[in-house]
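Structural features, examined
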Amino acid sequence: MKYLITGLLLLSSYQLFAGETHPSRNKKNNDNAGLTLPAGFTATVVAEGYGSVRHITLTKTGGLYAKLGKLYKGKGILYFKQSADGKLELVSSFGKYIGTGIAIKNGYLYASSNTEVFRYKLNDKEEVIDTANPEKIITGLLDRHEHETKSIALDNNNNIYVNIGAYSNACQVEDRKKGSPSMKPCPILDSAGGIWMFKADQLNQTYKDGIRYATGLRNVVGLDWNTATNSLFVMQHGRDQLHDLFPEMYDTKQSAELPSECMYEIKKGDNAGWPYIYYDHLVNKKIIAPEYGGDGKKSTDEYLTPAVAFPGHLAPNGLQFYSAKQFPDKYKNGAFIAFHGSWNRAPEPQEGYYVAFVPFKNGKPNGKWEVFANGFAGATISPRGAEHRPCGLAQGPDGSLYVSDDSKGTIYKISYNK
Amino acid sequence: MKKISYISFFTATSIYLFAQTNTLQDSIKRGKVVYNKVCLSCHMADGSGVPKMNPPLTVAEYMNDKKKMISIVLKGMNDRIPIDDEYYSNAMAPHADLSNQQIADVLTYVRNSFGNKAGAVSVAEVAAVRTPAKPAAKSVSNNTINKKQ
């Protein structure tokens, strides 16, 4: 009974404060919002209680747009502006669709549902002029509920890149069923499992108007146009269940660690090899998938080699190249990755739930990746038990890094103070 | 070693005999082994599942409906209907290669774990959902599949 009452109290106070700056969190803010960071960095919670905040983007004046995976009071896009106390203040919400992708380019705000991409004209303060009447740029993209979110990135040449995830784990006839054969060629790749390129300013484009820019990518959630290299970088979510489906080849430890979560630099026409191969960072090889004649060891030289390979199942949901000056030199042009955190490592301990960093030099990774911000999950590192799960990343106009959480809708701001 | 004795335990002939002397606790114990091997990777050790991907195994709508549960294990589930207001985007594959005994045990385990408190599932109930007409026929051939793994 006591627990019940405490529970109810907690619940009602949560609801009261949901979506507002939370006074009791000041303590937490002094504590870097519960995060562990490299020396000299501080973190604060600038917004919280908005539910599933997926990707975020900032305006030149520090306004922030957030795309929601679950509607907040009936709306799927939130617009915040900086308030005097350094927090974010919600000023408007619009768009009655859920989704993941959001980006600002050429005077427009771009946002995606799980099947379409819209754009909203911005005024000179980068505020949406007419929230009710966006232009529909792309329509009719596949949503078969598995890997259905559409992430977006734009280049400087009037193109928009859209991830269309494969609605499958390993292209088996029956998804995730042990013993069910995989298809070759994998028919899914015609309309999913890759990145599609469209024009950023044409209306109502469908598959036939776009091109399949890169294929063999099972599912990409984090992607970014790297202005230093003038090329697209993507983070792939690698396949699951090597042990469940092939227990004679992979024990649970190998299955937790493999395959690598890969960062690829993508050029037009590239093929990263899903479902035929996966990458193994322990031996630095492209391994033939067990469904396609592999034995856990056989490798191939075919297909794209990743720029960086991380341990398995960390679920990279956000990618942001750092082009600002606030952080120390080491971070310049490097990549931040938001790892949503694993589920497919069970029964081994789960991993991820942090923001990682990879230094870059001359457009190539330069040195080992490291954990940059940790502690989002709190005491319980599991998909349901985690307090927060990092999802989106964005760079503010002052060079701070913003991180969104799609579990409770917290937005963190990480700054360097010397 | 445990695995080997486990598999040989459930040969086609012993299933039926063993079922006769089942106690609830024995069934839960065996069910946990099946769960850890087959279901845990998606539904997690504590049955809490994965938000947006794999549902928790504590949902009354399913826990109160043995037939539905049996049928989900046998035929898989890819309905993408909301469960307690959330969609679960993964596909659950069919697990018809499990024997009737294994399915009865694993569901009995689930129904008595993670805070659930519901009755045991019997081999006969699984058989009735698997092959309504002639219950015995299929579990034999499925055991052959089991041995090959």
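In case you missed it, the structure is sitting above this.
Residues numbered from 1 in each chain as written. Chains lettered and ligands numbered in written order. Predicted model: local features only at pLDDT ≥ 70, side-chain atom pairs only at ≥ 80, totals over all residues. Heavy atoms only, no water.

What about the overall build of chain A?
Our working rule: Numbering of helices and strands starts at the N terminus; helices are DSSP runs of H or I of at least 4 residues and strands are runs of E of at least 2. In this description the radius of gyration comes from C-alpha coordinates, and the expected globular size is given by 2.2 Å times residues to the power 0.38. We call two residues in contact when some of their heavy atoms are within 4.5 Å. Surface accessibility follows the Shrake-Rupley procedure with a 1.4 Å probe radius. Residue values consider only the protein chains on display as shielding. The charged-residue count follows a simple rule in which Lys and Arg add positive charge and Asp and Glu add negative charge, with His and chain termini not counted at all. By convention, the point assigned to a charge is CZ for Arg, NZ for Lys, CD for Glu and CG for Asp.
Across its full length, chain A carries 4 helices and 30 strands. Radius of gyration (C-alpha) of chain A: 21 Å, near the 22 Å computed for a compact globule of 418 residues. The long-range share in chain A, meaning contacts at least 24 apart out of those at least 6 apart in sequence, stands at 57%. About 16800 Å² of surface is accessible on chain A, with carbon and sulfur atoms providing 51% of the total. Across chain A, 48 positive and 42 negative side-chain charges occur, with their mean positions spaced 2 Å apart.

A few points about the overall build of chain B
The line we're drawing: Three exposure classes are used, based on accessible area relative to the maximum for each residue type with a 1.4 Å probe and protein chains only: buried under 20%, partly exposed in between, and exposed over 50%.
A tally of helices and strands in chain B yields 8 helices and 0 strands. For chain B, the N- to C-terminal ordering of α and β elements is α-α-α-α-α-α-α-α. When the 149 residues of chain B are sorted by exposure, 50% land in the buried category. Nonlocal contacts in chain B, meaning residues at least 24 apart in sequence, comprise 60% of its contacts between residues at least 6 apart.

Side note on the environment of Arg176 of chain A
To keep it simple, the criterion reads: Distance and chemistry together define a polar contact, namely a pair of N or O atoms within 3.5 Å, with one atom able to donate a hydrogen and the other to accept it when in protein, and with adjacent residues in sequence counting only for side-chain atoms on both sides.
Along the chain, the position of Arg176 of chain A falls in the loop between β11 (159-164) and β12 (194-199). Taking the C-alpha atoms as reference points, Arg176 of chain A and Asp240 of chain A, 64 residues apart in sequence, are found 8.7 Å from one another. Arg176 of chain A has contacts with Glu146, Asn169, Arg218, Asp240, Gln241, Leu245 and Trp343 of chain A together with Asn90, Ala91 and Ala93 of chain B, leaving out every residue within four places of it along the chain. One polar contact links Arg176 of chain A to Glu146 of chain A, side chain to side chain, over a distance of 2.8 Å.

Remarks on the side chain of Thr300 of chain A
All names here are of chain A. Positionally, Thr300 belongs in strand β20 (residues 299-300). Look at Thr300 and you get buried, because its relative accessible area is 17%. For Thr300, the side chain forms a polar contact with the main-chain nitrogen of Glu302, separated by 3.0 Å. If near-sequence neighbours (up to four positions away) are discounted, Thr300 is found in contact with Ile277, Lys286 and Ile288.

The values reported here are purely geometric and, on their own, carry no functional implication.
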